[in-house]
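Architecture at a glance
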Amino acid sequence: MKVGVPREIKTHEYRVGLTPGAVREYVAAGHSVVVETNAGAGIGATDDAYRKAGATVLDSAREVFASSQMIVKVKEPQASEWSQLRQDQILFTYLHLAPDPEQAKGLIESGCTAIAYETVTDAHGGLPLLAPMSEVAGRLAIEAAGAALRRHAGGRGLLIGGVPGVQPARIVVIGGGVVGTHAARMAVGLGAEVTILDRSIGRLRELDELFEGRVRTKFSTIDSIEEEVFAADVVIGAVLVPGASAPKMVTRDMLSSMRKGAVIVDVAIDQGGCFETSHPTTHADPTFEVDGVIHYCVANMPGAVPLTSSQALNNATLPFGLALANKGFAAVLENPHLRAGLNVYRGRLTCEPVARSLGMPFSPIDGAVA
């Protein structure tokens, strides 16, 4: 199969769909790879590095899209990209379609087969292609919160870990999954006072054992969310419903009872955000203020550390990408985990949570193939 890697064009997105090491694996498996010039510049991978790995370097994204059977990216395609997709192509990338009807319509109209990293599953019920970026984003969330808490940035002027004799920041993490766990790890490591809220008693037990009493765990209810958020210096939104829009855990009305200069970091913003007042921001302009509360809602947080992120992502995506390259769409039919990642197939939405969130017709895979 001919596999194409265009340069990412989303604002301040420096990751790359395939690293030179991953390209070498594809080539060793008998596939050909074309890469847009400077696609790897953000991770320090030169065009020569891709050539040495066995890729052909092309001058433009248009050439990559036109000549490839499968496109491997990182972020969701932009309008100029989905307009170049066609029915005989596989797109393998993050999509996050639930809050993005325009992209969904663009992919449907293209007729392509679109497989979303974020809904591919594993035998344990996990999301193996979302997990590495969730790990990165969770850790970055605390760094972002620390910067936003500084007075010149509009925050309370608080040091996350405090100093001897001075209380540290109070950090509340809503959601005890991969993002929430890694955010809590970073916050605890810096000396913050940390509370994790989740609706799974089993998960709260696991977190209690994991952190050995260094964090407080609370069952998530309206009352407990209000109690914790109103007293927090930082609130990390880490709630995930696979494929679907994130639920709104903190309303606009609740902001008026929060501390002035408190910080919200909405890691769920790719799925529409879990705070009512959130809207996507970029690394170029990452924060905004609503009712005295600073919001950090960057939609591609791991793009700030592209070398780490690209390597971690490629480690996870490689076996799935090779399966697709080896067998084409047959890999989706044979592998239930890839089938879970199928979001769009020949003009139809094939992921039920996405279709439900968008209010669009859902066509299951059997019906789509038939």
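Residues numbered from 1 in each chain as written. Predicted model: local features only at pLDDT ≥ 70, side-chain atom pairs only at ≥ 80, totals over all residues. Heavy atoms only, no water.

1. Quick look at the pattern of salt bridges
What counts is decided by this rule: The salt bridge definition used is simple: a Lys or Arg side-chain nitrogen within 4 Å of an Asp or Glu carboxyl oxygen. Note on classification: 1.4 Å probe, protein chains only; a residue is buried when its accessible area is under 20% of the maximum for its type, exposed when over 50%, partly exposed between these limits. Helix and strand definitions follow DSSP, with helices as H or I runs of at least four residues and strands as E runs of at least two, each counted in order from the N terminus.
The tally for this structure, following the rule as stated, stands at 20 salt bridges. Here Glu 334 makes a salt bridge to Lys 327, at a shortest N to O gap of 2.8 Å. Lys 327 sits in the partly exposed class, given a relative accessible area of 48%. Ionic pairing is found between Arg 356 and Glu 352, a salt bridge with its closest N-O pair at 3.9 Å. Of this pair, Arg 356 and Glu 352 both sit in helix 14 (residues 352–358), 4 residues apart, which is roughly one turn of the helix. Taken together, the salt bridges that share partners define one network made up of Arg 170, Glu 193, Arg 216, Lys 218, Glu 227 and Glu 228.

2. Structural notes on the sheet that holds strand 9 (residues 216–219)
Strand pairing in a sheet relies on backbone hydrogen bonds. The paired strands run either parallel or antiparallel. Rules: Pairing between strands requires that DSSP locate at least two bridges from one strand to the other. For every element, the axis is a line fit to its C-alpha atoms; helices are fit only across the contacting stretch, and the angle between N-to-C directions ranges from 0 to 180 degrees. Contacts are assigned to residue pairs with any non-hydrogen atoms lying within 4.5 Å of each other.
One open sheet holds the 7 strands; their spatial order is 9-8-7-10-11-13-12, and the pairing between them is mixed. Strands at the two margins of the open sheet, each flanked by one partner only, are strand 9 and strand 12 (287–290). With direction set aside, neighbouring strand axes in the sheet form an average angle of 20°. Pairing analysis gives 5 bridges linking strand 7 (residues 170–174) to strand 8 (residues 193–198), with the strands arranged parallel. Bridge pairing links Arg 170 to Glu 193 in strand 8. Lying on the sheet, helix 6 (residues 131–148) is in contact with strand 7, strand 10 (234–237), strand 11 (263–266) and strand 13 (293–296); it crosses strand 11 at an angle near 150°. Packing against the sheet, helix 8 (residues 201–211) makes contact with strand 8 and strand 9, and its axis sits at approximately 175° to strand 9.

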